[in-house]
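Okay, here's what each chain looks like letter by letter:
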Amino acid sequence: MQTQKPIAIFLLRISLGIFFLVLGIQGLSMHTSKTAEILRWFGRNDTLNIVISVVQILAGAVLCIGVFLPIGSTVSWLLSLGILILWGIYMVMTLFLKDFLRPDTLSWLYKTSWSLIIFTSLWLVCSRE
């Protein structure tokens, strides 16, 4: 049973890394879309979205690279802890401060549950270091 746990953590790190990479790339590609250009013309500021997308790409890279390249365990742990804290802040801002119970309770619960799954996975990866 103990030999399965490192394999599960390995797969969890890879899948989280890929998730954050894709999330960041999608955020940046939405920034360059025609709709985003039109909205910026009307005064929409996308600076925060760009920063979040870049942080997500960096987080994904750190999670993936940490599997294959030996980074010091303290450095790896600190980076994972930082990603965990940032995801927690993201959850509070989007799920509770901005869109609490919106658009309806079931949709909100769905989004909250998958966000908590990611948060818990990051917690497991962080505590594993």
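Everything numeric in this text was worked out from a predicted model, so none of it was measured. (Residues numbered from 1 in each chain as written. Predicted model: local features only at pLDDT ≥ 70, side-chain atom pairs only at ≥ 80, totals over all residues. Heavy atoms only, no water.)

1. Some points on the overall build of the chain
Quick reminder of the rule: Counting from the N terminus, the helices are the DSSP runs of H or I reaching at least four residues and the strands are the DSSP runs of E reaching at least two. Think of it in three bands: with a 1.4 Å probe and only protein chains considered, a residue is buried below 20% of the maximum accessible area for its type, exposed above 50%, and partly exposed in between. Contacts were defined at the residue level, with two residues in contact if any of their heavy atoms lie within 4.5 Å.
In terms of regular secondary structure, the chain is built from 5 helices and 0 strands. Listed by position from the N terminus, the elements making up the chain come as α-α-α-α-α. The 129 residues of the chain split such that 26% are buried. Sequence-distant contacts, at least 24 apart, represent 80% of the contacts inside the chain between residues at least 6 apart.

2. Considering the packing of aromatic side chains
Stated formally: For Phe, Tyr and Trp, rings pair up if their centres lie within 6.5 Å, where Trp contributes its six-membered ring, and each pair is then called stacked (planes under 30 degrees apart), edge-to-face (over 60) or tilted (otherwise).
In the structure shown here, the tally under the stated rule is 9 aromatic pairs. For the pair Phe19 and Trp87, a centre-to-centre distance of 6.1 Å together with 75° between the ring planes defines the contact as edge-to-face. Highlighted residues: Phe19 in helix H1 (residues 4-31) and Trp87 in helix H4 (residues 73-98), separated in sequence by 68 residues. The class of Trp87 is buried, set by a relative accessible area of 3%. With a centroid separation of 5.6 Å and 80° between ring planes, the pair formed by Phe96 and Trp108 is classed as edge-to-face. Pair noted here: Phe96 is in helix H4 and Trp108 is in helix H5 (residues 105-128), with a separation of 12 residues, a long-range link. Cluster of aromatic residues (ring-pair linked, three or more members): Phe19, Phe20, Trp87 and Tyr90.

3. Structural notes on the side chain of Gln56
Within the secondary structure, Gln56 is located in helix H3 (residues 47-68). Apart from the residues lying within four places of it in its own chain, the contact partners of Gln56 are Phe20, Leu21, Leu23 and Gly24.

4. Re the side chain of Ser115
Of note, Ser115 is situated in helix H5. When sequence neighbours within four positions are dropped, the list of residues in contact with Ser115 reads Trp87, Met91 and Leu95.

5. A closer look at the confidence of the model for the chain
The cut-off we apply is this: Every residue carries a pLDDT, the predictor's confidence in it, which falls somewhere between 0 and 100.
With 81% of its residues at a pLDDT of 70 or more, the chain has an overall mean of 82. Ranking the helices and strands of the chain by mean pLDDT puts H5 first, with 90, and helix H2 (residues 34-41) last, with 64.

6. Considerations on unusual backbone geometry
In this chain, Arg102 is followed by Pro103 through a cis amide linkage whose omega measures 0°. Here Leu101, not a glycine, exhibits a phi torsion of approximately 60°, which is positive. With respect to the secondary-structure elements, Leu101 resides in the loop between H4 and H5.

7. Here's the deal with the nonpolar core
Put simply, the rule reads: As used here, the term nonpolar core means buried Ala, Val, Leu, Ile, Met, Phe, Trp, Tyr and Cys residues forming a set that is joined through side-chain atoms within 4.5 Å.
The biggest cluster of nonpolar side chains holds 14 residues, and the ones touching the most others in it are Leu16, Phe20, Leu63, Ile83, Trp87, Ile118 and Leu122. When contributions to this core are tallied by element, the ones reaching two or more residues are H1, H3, H4 and H5. If near-sequence neighbours (up to four positions away) are discounted, Ile118 is found in contact with Leu16, Phe19, Phe20 and Trp87.

8. What to know about the environment of Val125
Position of Val125 among the secondary structure elements: in helix H5. The exposure class assigned to Val125 is buried, which follows from its relative accessible area of 1%. The spacing of Val125 and Leu81 is 44 residues in sequence and 9.0 Å in space, taken between C-alpha atoms. Those residues within four positions of Val125 in sequence are excluded, and the remaining contacts are Leu12, Arg13, Leu16, Leu63 and Ser80.

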